[in-house]
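These are the residues of each chain, in order.
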Amino acid sequence: QVQLVESGGGLVQPGGSLRLSCAASGFMFSVYAMNWYRQAPGTERELVATITSGGTTNYADSVKGRFTISRDNGKNTVYLQMNSLKPEDTAVYYCNVQSSRYWGKGILVTVSS
């Protein structure tokens, strides 16, 4: 069955960096676009970044220039490199197979001094 497992979250100071990973299994990873979403307490889930099967990327305005999405089809993994983190980036981050019901369980990122 389809599995998406996020890792790499944690506590980081403002201005710091983290790299999230999402290991995928159970489907032909290389042919699907992948998304990273996030949800902060009391807010709706927000699309952060997308990468197509061909490697084209798109970002929310709030993270453009600070976050980078990438993928390694050999490892069936999608990444989210997050730099210059701000307290407002604090959220649970989820990976998702685009246009599907498949989601990871999410991983918490906390940006605080």
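In the block above lies the structure referred to throughout.
Chains are numbered independently. Their residues run from 1 in the order of the written sequence. Local features in a predicted model are, by the rule used here, given only for residues with pLDDT of at least 70; side-chain atom pairs are given and counted only at 80 or more, and totals for whole chains, interfaces and linings are based on all residues. Calculation of side-chain values draws on the structure's entire complement of heavy atoms; hydrogens and water are dropped beforehand.

K.L.:
Describe the pairing of strand β7 (residues 67–72), naming the residues involved and giving the relevant values.
P.N.:
Buried, partly exposed and exposed residues are distinguished by accessible area as a fraction of the type maximum, computed with a 1.4 Å probe on protein chains only: under 20%, between the cut-offs, and over 50%, respectively. Strands are runs of DSSP state E lasting at least 2 residues, helices are runs of H or I lasting at least 4, and numbering of each runs from the N terminus. By the alternation rule, side chains of β7 split into F67, I69 and R71, which are all buried, and T68, S70 and D72, of which none is buried. Where β7 lies against strand β8 (residues 77–82), six bridges are found, and the strand directions are antiparallel. Looking at β8, one finds that F67 is bridged to M82. Here the rule is simple: two strands pair whenever DSSP picks up at least two bridges between them.

K.L.:
Quick one: what's the story with the nonpolar core, residue by residue and with numbers?
P.N.:
Throughout this description, the term nonpolar core refers to a set of buried Ala, Val, Leu, Ile, Met, Phe, Trp, Tyr and Cys residues connected via side-chain atoms within 4.5 Å. In this structure, W36, L80, M82 and Y93 are the most contacted members of the largest nonpolar core, which totals 29 residues. Of all elements in the fold, only β3 (18–25), β4 (34–39), β5 (46–51), β7, β8, β9 (91–97) and β10 (107–111) reach the threshold of two or more residues within this core. Not counting chain neighbours up to four residues away, the residues in contact with Y93 comprise E6, L20, W36, Y37, R38, V48, F67, L80, M82, G106, I107 and V109. Contacts: residue pairs with any heavy atoms within 4.5 Å of one another.

K.L.:
Summarise unusual backbone geometry; cite the residues concerned and give the values.
P.N.:
For S84, which is not glycine, the phi torsion reads 50° and is therefore positive. Relative to the helices and strands, S84 resides in the loop between β8 and β9. Residue S84 is classed as partly exposed on the basis of its relative accessible area of 42%.

K.L.:
Give me the state of the cysteines: which residues, what numbers.
P.N.:
Disulfide assignment relies on a single distance test, namely cysteine sulfur atoms paired within 2.5 Å. Scanning the model with the defined rule gives one disulfide in all. Across a sulfur-sulfur distance of 1.9 Å, C22 and C95 are joined as a disulfide pair. Of note, the bridge from C22 to C95 carries an S-S torsion of about 45° and is right-handed in sense. Note that C22 is positioned in strand β3 and C95 in strand β9, a separation of 73 residues in sequence. Taking the relative accessible area as the measure of exposure, C22 reaches 0% and is therefore buried. A relative accessible area of 0% means that C95 is categorised as buried.

K.L.:
Help me get a handle on the side chain of N96, residues and values and all.
P.N.:
Along the chain, the position of N96 falls in strand β9. Within the structure, the side chain of N96 is placed 2.9 Å from the side chain of N35, a separation counted as a polar contact. Definition of a polar contact: a pair of N or O atoms within 3.5 Å, with one able to donate and the other able to accept a hydrogen when the atoms are protein atoms, and with sequence-neighbouring residues admitted only if both atoms are side-chain atoms. Separated by 3.1 Å, the side chain of N96 and the backbone oxygen of Y102 make a polar contact. Apart from the residues lying within four places of it in its own chain, the contact partners of N96 are L4, A33, M34, N35, Y37, Y102 and W103.

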